[in-house]
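Each chain, written out:
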Amino acid sequence: MNEIIVRFAPSPTGQVHIGNIRAAIFNWLFARHNKGSFLLRVEDTDIERSTKEAIDALLDCMNWLGLNYDGEILYQTSRAKEHIEAALKMKDSGNAYYPPAKDGEKTPLVFRIPWDCENISAVRNAGNAEIDLSPDTPVLVNETGITFAQLSKKGAPVQRSSCLSGFREMKLFNSSGNLVFELEKEIGNVLDGKASFSFDNCSKVQFLRREVVFTDIIKGELAKPLDSMKDLVIVRSDGTPVFHMANVCDDIIQKVTHIIRGDDHVENTYRHIFLFSALDYPVPQYAHLPMIVNASGKPYSKRDGDAFVGDFRDKGYFADALFNYLALLGWSPGDDREKLSKDELVELFSLERVKSAPAQFDINKLFNMNGLYLAEMPQGTFTEYAWDIVKSEPWVQNADKKFFERVAALLQSRTKLITQVKDWGYFFTDDVEYDLKAAKKNLGKEDVKNAIQVLLDSFASSTAEFTLQFIEEETRKAEKTAGLAEGKLNQPLRIAATGCSVGAGIYETIHMLGKTRTIARLKKALSLNLSE
RNA sequence: GUCCCCAUCGUCUAGAGGCCUAGGACAUCGGGUUCUCAACCCGACAACAGGGGUUCGAAUCCCCUUGGGGAUGCCA
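Residues numbered from 1 in each chain as written. Chains lettered and ligands numbered in written order. Predicted model: local features only at pLDDT ≥ 70, side-chain atom pairs only at ≥ 80, totals over all residues. Heavy atoms only, no water.

### Let's talk about the environment of Glu186
Within the secondary structure layout, Glu186 lies in helix H4 (residues 183-191). Judged by relative accessible area, which is 28%, Glu186 ranks as partly exposed. When near neighbours in sequence (up to four residues on either side) are disregarded, Glu186 contacts Phe181 and Phe197. (Helix = DSSP H or I, 4+ residues; strand = E, 2+ residues; numbered from the N terminus. Buried < 20%, exposed > 50% of the residue type's maximum accessible area, 1.4 Å probe, protein only. Contact = heavy atoms within 4.5 Å.)

### Some words on the protein's contact with RNA strand B
Ser11, Val158, Arg236, Gly330 and Arg414 are the nearest of the 59 residues found near RNA strand B. Near the protein, within 4 Å, the atoms of RNA strand B are sugar or phosphate in 71% of cases. One nitrogen or oxygen atom from the side chain of Lys219 is found 2.9 Å from a sugar or linking oxygen belonging to RNA strand B. Taking Ser413, its main chain carries an N or O atom lying 3.1 Å from a sugar or linking oxygen of RNA strand B. Of all elements in the fold, only strand S14 (220-225), helix H5 (243-253), helix H6 (266-278), strand S19 (359-360), helix H10 (363-375), helix H16 (490-498) and helix H17 (506-513) reach the threshold of two or more residues within the surface near RNA strand B. The leading source of residues in the surface near RNA strand B is S14, at four residues. (Near = heavy atom within 4 Å. Polar contact = N/O pair within 3.5 Å; in protein donor to acceptor, adjacent residues only side chain to side chain.)

### Some words on the sheet that holds strand S5 (residues 109-111)
Here we have three strands laid out as an open sheet, ordered S4-S5-S15, and antiparallel in their pairing. This sheet does not close on itself; its edge strands, each paired only once, are strand S4 (96-97) and strand S15 (232-235). With three bridges connecting them, S5 and S15 associate as antiparallel partners. When the sheet's bridge partners are listed, Val110 is paired in S15 with Val233. (Pairing = 2+ DSSP bridges.)

### Quick notes on the environment of Ser301
Along the chain, the position of Ser301 falls in the loop between strand S18 (292-293) and helix H7 (309-315). Of the residues examined, Ser301 reaches a relative accessible area of 22% and is grouped as partly exposed. For the pair formed by Ser301 and Arg22, sequence separation is 279 residues and the distance between their alpha carbons is 16 Å.

### Remarks on the domain arrangement of chain A
Frequently, the measure chosen for interface size is the accessible area removed from exposure when the parts meet. With domains assigned, chain A is organised as domain 1 (1-72 + 290-376), domain 2 (113-228), domain 3 (379-427) and domain 4 (436-526). Look at where the C-alpha atoms of domain 2 and domain 3 centre, and you get two points 69 Å apart. (Domains from an automatic or database assignment.)

### So, unusual backbone geometry
The bulk of non-glycine residues show a negative phi, and the bulk of peptide bonds are trans. Positive phi values are uncommon outside glycine, yet Glu169 reaches one of about 55 degrees. Structurally, Glu169 is set in strand S10 (residues 168-174). Overall, the relative accessible area of 43% leaves Glu169 in the partly exposed class. Of note in the backbone geometry, Asp280 takes a positive phi value of approximately 60 degrees without being a glycine. The topology assignment puts Asp280 in the loop between H6 and strand S17 (285-289). Overall, Asp280 belongs to the exposed group, its relative accessible area being 70%.

### Topic: the nonpolar core
Core analysis: the biggest nonpolar cluster contains 110 residues, and Phe361, Trp424 and Phe427 have the highest contact counts within it. Ranked by the residues each element gives to this core, the list is headed by helix H1 (residues 18-33), at ten residues. Within the second largest apolar cluster, 33 residues are counted, among which are Val212, Phe214, Leu222 and Val235. (Core = buried A, V, L, I, M, F, W, Y, C linked by side-chain atoms within 4.5 Å.)

### Side note on the sheet that holds strand S8 (residues 145-151)
In spatial order, the strands read S9-S8-S7-S12; together these four strands make up an open sheet with antiparallel pairing. Both edges of this open sheet fall to strand S9 (157-162) and strand S12 (197-199), since each of them pairs with a single strand only. With direction set aside, neighbouring strand axes in the sheet form an average angle of 15 degrees. Inspection of the sheet shows S8 paired to S9 by six bridges, in the antiparallel sense. Across the sheet, Ala149 pairs through a bridge with Gln159, a residue of S9. The strands that H4 touches are strand S7 (139-142), S8 and S12; relative to S7, the one it contacts most, it runs at about 50 degrees. (Axes fitted to C-alpha atoms, helices over the stretch in contact; angles between N-to-C directions.)

Have a look at this one:
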């Protein structure tokens with residue numbers, strides 16, 4: 001069995017998009033599952049828009065997600081010469097032509113969908129066909145193809161132009177029903193550019209329809225009639241190769257066996273099949289991935305600023321969580337498992353199980369999955385990530401790492417995004433910011449204030465050890481003394497000690513803060529001006 | 001317009017003619033636990049786009065309609 005080779009071939013023209021990286025992930029999974037190679041090719045032929053920054057961002061994202069590639073990166077621009085040479089060879093072999101120049105302008109090199117394509121296995125006969133024409137528009141036949149106006153169902157003329165080879169055994173009829181032209185009789189001269197025709201008043205064209213077919217691993221058999229295809233430019237008039245040429249040439253040089261890419265490329269596939277064939281190379285296997293759409297069900301556009309891979313990292317998502325989530329967008333293992341490690345994904349992945357319908361990105365589900373990863377992370381690992389996230393925060397500068405570890409242990413299960421660690425400041429700085437709304441609600445009443453004062457005094461005067469049990473007991477006593485129901489002091493205490501209304505258990509929190517700092521904070525809280 | 005593709009709960013999905021009274025997960029809403037928030041446990045809501053066939057039997061196969069997307073570049 002031959003080795004499987006896939007490639008990820010992005011254009012470095014901006015930030016890396018989740019749709020792109022999902023294609024990379026699926027390629028990677030397929031390669032790793034089959035013990036094949038995952039190659040990286042940077043399609044930087046759009047010199048205007050390709051930037052060094054974009055390439056760096058791309059490599060950074062891939063590295064972050066663990067998408068390791070095999071071999072060296074192939075930069076497409078480095079092969080421009082070969083692309084041109086291959087194109088010129090096509091010209092020599094009669095597969096490409098320069099259309100006649102208008103006004104002396106330079107013309108591009110155009111690949112011709114081959115007239116003789118019976119020997120191309122991807123092309124098959126699709127039976128006799130007939131198109132009604134609008135007699136008002138002349139039918140043009142020349143070496144670049146056929147131009148005409150089709151009559152739509154509603155009777156409206158629709159301008160069309162097609163390649164010649166779409167019209168095998170073409171017969172053209174005028175409005176009186178007379179045969180006025182047979183393409184087969186003139187084809188030699190037409191292909192050579194020695195003859196061109198124009199017919200007025202035609203109402204019908206009959207021909208033998210042919211179509212290109214390929215079997216997509218995901219979508220199944222896909223076909224397109226040749227009469228709906230046009231010859232395509234392969235070298236621009238300025239002498240630079242276009243995407244189609246470069247892409248196919250590089251897939252050949254990299255010996256790519258499976259092309260796994262976005263749905264938006266299926267139309268290109270029909271054309272690329274002819275290019276592979278003209279370059280005398282077997283057509284690879286194709287798998288077209290469904291698109292990822294945004295929350296409104298629309299395709300992601302530049303305006304969806306939240307779809308960049310880097311942004312997810314910045315927001316506190318983990319690479320493994322994002323990887324896992326993205327792998328589940330359009331694919332599933334076939335059972336109920338969802339949280340899957342990279343190794344499991346590699347083992348389970350198959351292109352056959354990829355869906356062909358577009359998938360909507362759901363930030364809620366990713367958020368939840370990220371929480372799963374965080375929750376199951378070993379404490380030490382979590383602490384390291386947390387530390388890394390907050391090390392630039394001012395309150396961390398004098399923080400004791402051991403103390404930080406204890407705080408991390410207390411709050412891990414409550415953390416969904418690693419960036420939430422930035423809210424832990426109240427453990428490390430006494431310059432607490434109060435959530436004023438919560439403070440007003442919980443600290444405004446006199447009996448609460450009294451209770452806090454009582455608690456404060458008892459903390460200050462007691463010589464007992466400042467244990468969890470002690471804290472809880474004193475809190476109960478303070479409630480009783482101030483006439484509060486049991487438990488009613490907890491939440492005010494939380495606000496007073498931490499400034500905010502959510503967090504770990506309040507006794508644990510206070511215990512963590514220690515006696516001295518707790519007393520200082522309670523005092524400060526009592527002196528807050530909560531009026532207005 | 002033309003060509004191509006797609007269609008199961010709000011979302012991701014399971015489903016290969018009978019295992020489907022359509023399963024799971026996220027979200028939402030109840031309830032339990034509880035000092036808050038998470039976590040956890042229990043429960044509820046919620047889908048085969050519509051219409052025709054084929055078949056003893058259809059979410060599954062075929063056709064039509066509708067809706068969505070892509071292509072129709074000397075962008076990639």
